[in-house]
Amino acid sequence: ASMGGPRGVTCITSDDSVAFSSDDDKIRVLNGSLGMQMSVLAGSSQSHADGALTTAKFNNPNGLAFWNDARTGTGYVYVADQNNNKIRSINLKERTVDTIGGVLSTSSGRVDGAFIRSKFYAPADLVVYTGNDVRYPSIYITDQFNHVIREIRIEAMTMKVFHVAGTGSAAHQDGAFQNSRFNKPYGIDVDTKGVLYVTDADNTVRSLDIASKRVKTVAGRIGLSGQIDGNLPVALLNNPYFVAVDSTRDPPMLVVSETDNLRSVELYEKGIVRMAGIGSGAARRDGRGTNARFNMPFGVAFSHSGSERKLYVIDRSNKAVRMIKQDEDNSQSGVSVLGGPTPSPQTATPTLTPRPTSSPSQRFKRMVHDTTEVYTMATNVLGSIAKPTAMVANTISKWLYFTGADCSLSKINMLNNTVVKLPVKPGCGNVDGAFSNAQFGVIKNLVLDLTDPRGEVLYMVDYAYNKIREVEVNTNVVDTVAGSGSSGHTDGDFLQSRFNSPGGVCVQTKGRKAGFPILFITDQLNHRIRALHRDQLGMEVKTIAGTGARSIADGSAATSKFNNPIGIDIDEGASSGPVLYIADSGNHRIRALNLQSQIVTTVAGAGSAASVDGSALSARFHTPHSVLVNKRYQPPQLYVLQSIQKVRLVDLSDNSVHTYAGSGTSGTIDGAGTGARFRSLWEMAYNVYTNRLYVADYNAHSIRYIADTGPTPSPTVCPTTRGPTFAPTKVGAVLNFHPDFHPCIHHSTDNSGRGQGTCPVYARRPE
C-alpha cells in the first residue's frame, strides 16, 4: 500500500494491531483482527488540529506509545508530534485526537508545569510507564533539542509536565538526574522495573533508573562511531535511532536500530551483537538474522502475545513495516514484511569453499574440558586493578604487563601476583614523551618485542586516538609510531597515515630491517590489514589485505574482504612461511594470511554467530575479537576470545575447535574448565614456560589465568648446537629460573622436520 516513509511504531496490545507514523503526517494501523490489513488511523494533512481522527492534523509525527486504561477499556496512542513541538493523544474509543503537551503554541521552548502552558522542542520519542499505580500513567519523552528527558504525569483530574533528567546543555555526563547531560536524546523505552533506556547522539545508549534517579551509559563509547560487535566496553554503535526493550529477560535485552541494521544489546551477557542486517549496502531482503537486509531501520517495538514474541521494525527507506519472530532460545526465525511495496530480488549470499582437512598428527591431544583450571590472580579488592583492557607476558622476566580502562599501564608479578602501577601521568589523553607527561587512550591490544636492541618495547593499539604507540620500558618513554590521530584510511608516512579504530597488533621479529620489526595491524572499521615497515630512513604504513568492503572473501590478499577484523597474531615458525591469524569478528570466523603466498583462507568458523565446537569449518564463533597463537606446536594451537564468555581453542593439527574454558554464562567463578565463569573477556596473553593462559576479565576488574592440569605436552624439539642449556627448577605450579640464567627465544629448524618452531634456550645473564 502507498504511504510516506514510516517512522515510529508501537504495538496495540488490546487486539494485536500495530500503529506507525509516517512522513505524510498520518498515523496508520495494521489491524491484527483483519490479518494485518493497513489503514489510516488519524491525520489528514500537515498542520496542527485536534478533533476527529479524519480531520486531525500532524506535522512530522515520530515516536509512538500505547497505553490501555484497564478501568474504562479505552486505548490511547500517544504521539511525539515533532515539528509541532507537541505531545498528542489518540483516543481509540472516542476516535478523537487531543494535545496533552505544548498546547498553546507550536513554537519551541522548554516550560514545565501545567500541560496547557508547557513547551517542547522537537520531541522525538515517548514511552508509557505506570509503576505501581496502573490508574495513572507517566509518559516519558525525549525532548530532543532541549537535550533533556521530560515527563507528563497523568493524574485523576490533571496533567502536568515535569523535568526528569539533563541540564539542557548538549554533552555527555552520567550520574544523578539533576547533573546528567544528554546530546539530542532520541529513542526511549522502559523495562518492567522502571529503568528507562535512551539513545543519544553521541553513539551511546543510556539508562535512567527512576527509583535511584541515576543515569549511566550502558552501551557504546562516547564520541566513537562504528558497527563493532563484542563486549560492551569494546563494541561501538553507529548513529542509533530507536530502542526497544525485551523485558522477558532479566537483565533485559535491548534492540537498537541504526544505519542499515539492528543491534542487540545483551545486558546479561554484557555485549552487543548484530541482530539483523549487515550495516552496509542498503537493500531489502527477508530472511534469518544477518541474511536479512534493511534500508535505514528506524522505529522498533516488541509484542508479547502469549508465548510468541515478535519485534516490529520500521524499514524507513524501503517504506515497509517488517517483523522478526523470536524463537524460545532468543534466536530469530526470520524477517518478513507486513506492510509496504514488494521487494526486488536480491543476490544470494556467497558460500565458502571448505579448506581441506589435514590428517591428525600423533602429537599430544588436549582433553580441554577436563584438564583446565581457572584461577584469579588479582582483583580490585585493594583498588590496584582498574578494568583491564589489554595484556602481554614477558617470557624473559616474571612480569605481565596490562592496561586499564582508566588509561593506566601496570605490571603484575606472575610468581607472587604483586601489582605495580607504572608512573604514567594519570588520566586519558594523547600525549607522547616521558612517563611523567605521557598519556594515552584506552588501549585495546598490547604486544611486546623482546628482540629490540633498545630492550623491552611495548606496542599499543590506542584505538580511541586511532594510533599505534610504543613504550620503551627501559627509558619510560611513550612515542607514536603510526597514525595521525584522525580517522580514515591513508597509507604512507607513519605520521600522515590514518586508521579507523585499529583493533589488534602483532610483531614479526624475523627479517627485521636495521634492528626494527614489522608490525601488523587490524584496521577494524576500514576492514583491512595494515603493516608498519620501519628502517633507518623512516617508517611507512601499507595496506596488505582487504579491499575495504565489509564482506567475506578468501583468496588473494589484494582482493580479500573482512568484516571488522580485531584480533591478530603471527606464527613465524610455519613451514609455508609466516602466517597471520585474524579474528574476523563481523564474519564470526578465524582467518589466516600467509605472508609468503599472500593468500587469505578461512581456518575456522562457519560464519554464523553461535558457540558450537566441532570440525574447524563447521564450528561456530560468536563475534571473536581476540586470537593468540600457542607457539609450542607446529601446526599451532589458537586461543580465541568471543563475545559469549568462553575461551575457545582451534587445534590446527586436526582442524578441530574445542571449548577451552568458560561456561558461557556471565559470572566470576574459578574452577575446572567449562565450569568456570567469566564476566567480560577482553584480551589474553600466554606464557610458554608455565603453560598458562592469562585473561583480562574486564567487568570483574580481574586478571585471571587458565592452567592446563593435564599431561605436559612435548613442545617442538630444540637443537643443542647453540651451546649448553639449563633446565628450570619446578616449584609448585610455577617455574623459577636459576638466578644466574634467564630464558630467551631463538628460532631454528627442529629435528622433527615440521619446520621452524619457538624453543626456550636458557642463556647466561648478560654481565
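Model, not experiment: these values are computed from the prediction.

A.B. asks: So what exactly am I meant to see when it comes to the overall build of the chain here?
C.D. replies: Secondary structure assignment for the chain yields 0 helices and 61 strands. Looking at the chain as a whole, 59% of its 767 residues are labelled buried. When contacts within the chain are restricted to residue pairs at least 6 apart in sequence, those whose partners lie at least 24 apart make up 46%. Carbon and sulfur atoms make up 50% of the accessible area of the chain, which totals about 28100 Å².

A.B. asks: What am I meant to see in the state of the cysteines here?
C.D. replies: Note on terminology: a disulfide is the covalent bond linking the sulfur atoms of two cysteines. All told, the structure shown has 1 disulfide when counted by the stated rule. Here C407 connects covalently by a disulfide to C428, the sulfurs 1.9 Å from one another. Because the sign of the S-S torsion sets the handedness, a value of about 90 degrees for the bond joining C407 and C428 places this disulfide among the right-handed ones. Of this pair, C407 sits in the loop between β31 (399-404) and β32 (409-413) while C428 sits in the loop between β33 (419-421) and β34 (433-434), and the two are 21 residues apart along the sequence. Relative accessible area serves as the criterion here: at 3%, C407 is assigned to the buried category. Using a relative accessible area of 45% as the deciding quantity, one classes C428 as partly exposed.

A.B. asks: Looking at this model, I keep getting lost on the packing of aromatic side chains. Mind explaining?
C.D. replies: What describes a pair of aromatic rings is the distance from one ring centre to the other and the angle between the planes of the rings. A complete count under the given rule lists 11 aromatic pairs for this structure. Between Y639 and Y660, the ring centres sit 5.1 Å apart and the planes meet at 55 degrees, which makes this aromatic pair tilted. In this pair, Y639 sits in strand β51 (residues 637-641) while Y660 sits in strand β53 (residues 656-664), placing the two residues 21 residues apart along the sequence. A single burial state applies to Y639 and to Y660, both of which are buried. The cationic tip of R648 hangs over the ring face of F621; the distance from NZ or CZ to the ring centre is 4.8 Å. Between R692 and the ring centre of Y705, over which it is positioned, the NZ or CZ distance is 4.0 Å.

A.B. asks: Any chance you could explain the nonpolar core here in plain terms?
C.D. replies: For soluble globular proteins, the rule of thumb is that nonpolar side chains tend to be buried together. Counting residues in hydrophobic clusters, the biggest one holds 27 residues, and the most contacted among them are L262 and L311. Among the secondary structure elements, those contributing two or more residues to this core are β1 (6-12), β2 (17-22), β22 (253-258), β25 (297-305), β26 (308-315) and β27 (320-326). In this structure, C407, Y459, Y463 and V507 belong to the second largest nonpolar core, which totals 24 residues.

A.B. asks: Please explain the environment of F302 as it appears in this structure.
C.D. replies: By secondary structure assignment, the location of F302 is in strand β25. Accessibility expressed as a relative area gives 11% for F302, which makes it buried. F302 sits 56 residues away from D246 along the chain, and the two C-alpha atoms are 6.7 Å apart. Setting aside anything within four residues of it in sequence, one finds F302 in contact with C11, A244, V245, D246, M253, V255, K310 and L311.

A.B. asks: What is the right way to look at the pairing of β2 in this model?
C.D. replies: Looking along a regular strand, one sees the side chains alternate between the two faces of the sheet. With 6 of 6 residues buried, β2 lies mostly within the body of the structure. Hairpin connection between β1 and β2: a loop of 4 residues separates the two successive antiparallel strands, and D16 in this loop has a positive phi of roughly 60 degrees. Of the pairings in the sheet, the one linking β2 to strand β3 (residues 27-31) comprises 4 bridges and is antiparallel in character. Paired with V18 across the two strands is L30, which belongs to β3. From the end of β2 to the start of β3, which pair antiparallel, there are 4 residues, and D25 there has a positive phi angle of about 65 degrees.

A.B. asks: I'm lost on the sheet that holds β53 in this one. Help?
C.D. replies: Paired through backbone hydrogen bonds, the strands of a sheet run either parallel or antiparallel to each other. Strand order in the open sheet formed by 5 strands is β49-β53-β52-β51-β50, with antiparallel pairing between adjacent strands. The open sheet has two free edges, formed respectively by β49 (614-615) and β50 (626-630), since each of these has just one partner strand. As defined by bridge partners, strand β52 (residues 645-651) adjoins β53 across 6 bridges and the pair is classed as antiparallel. Residue V647 lies in a different strand from β53, and its bridge partner there is A661.

A.B. asks: Hey, could you run me through the side chain of T480 in this one?
C.D. replies: With respect to the helices and strands, T480 occurs in strand β38 (residues 477-482). Within the local environment of T480, its side chain forms a polar contact with the side chain of D432, the two groups lying 2.8 Å apart. Separated by 3.4 Å, the side chains of T480 and R469 make a polar contact.

A.B. asks: Hey, could you run me through the pairing of strand β46 (residues 579-584) in this one?
C.D. replies: For β46, the tally of buried residues reaches 6 of 6 residues, placing the bulk of the element in the interior. Burial along β46 is two-sided: V579, Y581 and A583 facing one way and L580, I582 and D584 facing the other are all buried. One ladder, built from 5 bridges, connects strand β45 (residues 565-571) with β46; its direction is antiparallel. Along β46, the bridge assignment pairs D571 with V579. Sheet topology note: the β46/strand β47 (residues 589-594) ladder contains 6 bridges and is antiparallel. The residue bridging D584 from the neighbouring strand is R589, located in β47.

A.B. asks: Whenever I open this one, the pattern of salt bridges confuses me. Can you help?
C.D. replies: In a structure, side chains of opposite charge can pair up when their charged atoms sit close to one another. Going through the model one piece at a time under the given rule, you end up with 25 salt bridges. Across the pair R206 and D174 runs a salt bridge, and its minimum N-O distance is 2.9 Å. On the criterion of sequence distance, the pair formed by R206 in strand β18 (residues 204-209) and D174 in the loop between β14 (159-165) and β15 (175-176) is long-range, its members being 32 residues apart. Under the relative-accessibility criterion, R206 is labelled buried at 0%. With its nearest N and O atoms 2.7 Å apart, the salt bridge here joins R206 to D200. Classification of D200 by relative accessible area gives buried; the value is 1%. Connected through salt bridges with shared partners, the residues D452, R454, E470 and E472 form a single ionic network.

A.B. asks: Honestly, the sheet that holds strand β36 (residues 457-462) in this entry has me stumped. Any pointers?
C.D. replies: Strand order in this open sheet of 5 strands is β34-β38-β37-β36-β35, and the pairing throughout is antiparallel. Here the strands that pair on one side only, and so sit at the sheet edges, are β34 and β35 (443-449). With 5 bridges connecting them, strand β37 (residues 467-472) and β38 associate as antiparallel partners. If you follow V471 over to β38, its bridge partner there is V478.

What counts, and where the lines are drawn
Residues numbered from 1 in each chain as written. Predicted model: local features only at pLDDT ≥ 70, side-chain atom pairs only at ≥ 80, totals over all residues. Heavy atoms only, no water. Helix = DSSP H or I, 4+ residues; strand = E, 2+ residues; numbered from the N terminus. Buried < 20%, exposed > 50% of the residue type's maximum accessible area, 1.4 Å probe, protein only. Contact = heavy atoms within 4.5 Å. Areas by Shrake-Rupley, 256 points an atom, 1.4 Å probe, with all protein chains shown as cover. Disulfide = S-S within 2.5 Å. Phe/Tyr/Trp six-rings, centres within 6.5 Å; stacked < 30°, edge-to-face > 60°. Lys NZ or Arg CZ within 6 Å of the ring centre and 35° of its normal. Core = buried A, V, L, I, M, F, W, Y, C linked by side-chain atoms within 4.5 Å. Pairing = 2+ DSSP bridges. Polar contact = N/O pair within 3.5 Å; in protein donor to acceptor, adjacent residues only side chain to side chain. Salt bridge = Lys/Arg side-chain N within 4 Å of Asp/Glu carboxyl O.

On their own, these measurements won't tell you what the molecule is for.
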